[in-house]
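A look at the structure
Residues per chain are reported as follows:
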Amino acid sequence: MKKLTTSIALLLFVLSSIAQTTNYNVRWANHPADVKNYDTQRLRKEFLIDKVFAPNEINWTYTMYDRFLIGGAEPVGMPLELNPIEPLKAKTLLENRELGIINVGGEGTVTIDGKVYNLGFQEGIYIGRSTAEHPNRIVLSSKDSSRPAKFYMNSAVAHKSYPTKLVTLKDAKNIKAGSLAGSNDRVIHQLIINGVAGVQTCQLQMGITELKTGSVWNTMPAHTHLRRMETYLYFNVPGDQMVCHLMGEPQETRHIWMKNEQAVIAPQWSVHCAAGTSNYTFIWGMAGENLDYGDMQVVKITDLR
């Protein structure tokens, strides 16, 4: 009877795996001089990731900026397994990579090589590069299909394997920044940062910034990262509100209007800041050649154009 039960469970998992959908697209790097000539449609095509989450889909965007992967997975009534996408030419997703996951939905689980980790809202997990002992078979599930988990994922190239680490907001380094007078009263939660809560990474960094009621501006003063690229996922944006994301060279900025649960790519030469029509929350993810969180080129607000 036990063997029969196990066989049925295995069959159901195989059938559910067949039903899942994994999508990906590739974004090429863009020269800042060329971007100056982009109209709104082209700017959105190159930098906006409009679909991050969809029921029973895994959606990846592979950008040539530091070969960063930006993804979303929303398991509803079935588990979703993370497999390598074709451009990686890899046996497993993390054969040459590290991965950070932050949940922005209902409670869910991340199962890695059979070990289950519970992820609540705004909790994260770091998963290191695969090894022979730990190939990192990763399965994502929701605890309640009526309130599915939404796993936002960032992945960067990794030169070695570091241990898996679950990070909650209690474990994070929580920094108060800005002010209500400046319309940017916010809390920065450093989750997947080298040295925070025992996390070790090769180049990946991820965290959450929450704006308080009455505040709308993020990442002010604006800055660029010559040695790192960055991505933002905006969430907790009310359905009838939007965020105006600013990008481009500091002296010639562009804007992209964004809805809830959309992401955007910020190249090394581009500022990345925004103002919303209400307060909101966003996840920032970075990768590049260093792990110095404070390594940035700050732009005076009065110098922006």
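See above for the structure.
Residues numbered from 1 in each chain as written. Predicted model: local features only at pLDDT ≥ 70, side-chain atom pairs only at ≥ 80, totals over all residues. Heavy atoms only, no water.

What follows is about the sheet that holds strand E19 (residues 243-249). Pairing in this open sheet of four strands is antiparallel, and the strands run E16-E22-E19-E20 from one edge to the other. In this open sheet, the two edge strands, each paired with only one partner strand, are strand E16 (217-218) and strand E20 (252-258). Bridge analysis of E19 against E20 gives seven bridges, and the strand direction is antiparallel. The residue of E20 that forms the bridge with His245 is Ile256. Set on the sheet, helix H3 (residues 40-47) makes contact with E19 and E20; between it and E20 the angle comes to about 75°. (Pairing = 2+ DSSP bridges. Helix = DSSP H or I, 4+ residues; strand = E, 2+ residues; numbered from the N terminus. Contact = heavy atoms within 4.5 Å. Axes fitted to C-alpha atoms, helices over the stretch in contact; angles between N-to-C directions.)

The next point concerns the side chain of Ser278. Tracing the chain through its elements places Ser278 in the loop between strand E22 (273-276) and strand E23 (281-288). With near-sequence residues (within four places) excluded, Ser278 lies in contact with Ser215, Val216, Pro238 and Gln241.

Sheet architecture is open: four strands sit in the order E5-E10-E7-E8, paired in antiparallel fashion. At either end of the open sheet lies a strand with only one pairing partner, and these are strand E5 (80-82) and strand E8 (115-119). The average angle at which neighbouring strand axes cross in this sheet is 25°, direction not considered. Here E5 pairs with strand E10 (residues 138-142) via three bridges, running antiparallel. Bridge pairing in E10 places Leu80 opposite Leu140.

Most of strand E4 (residues 68-73) sits out of view: six of its six residues are buried. Direction of pairing for strand E3 (residues 57-63) relative to E4: antiparallel, over a ladder of six bridges. Paired with Trp60 across the bridge in E4 is Gly71. The antiparallel pairing of E3 with E4 creates a hairpin that spans four residues between the two strands, and Asp66 there sits at a positive phi of about 55°. Relative to strand E11 (residues 151-157), E4 runs antiparallel, the two being bridged by five bridges. Residue Gly71 lies in a different strand from E11, and its bridge partner there is Met153. (Buried < 20%, exposed > 50% of the residue type's maximum accessible area, 1.4 Å probe, protein only.)

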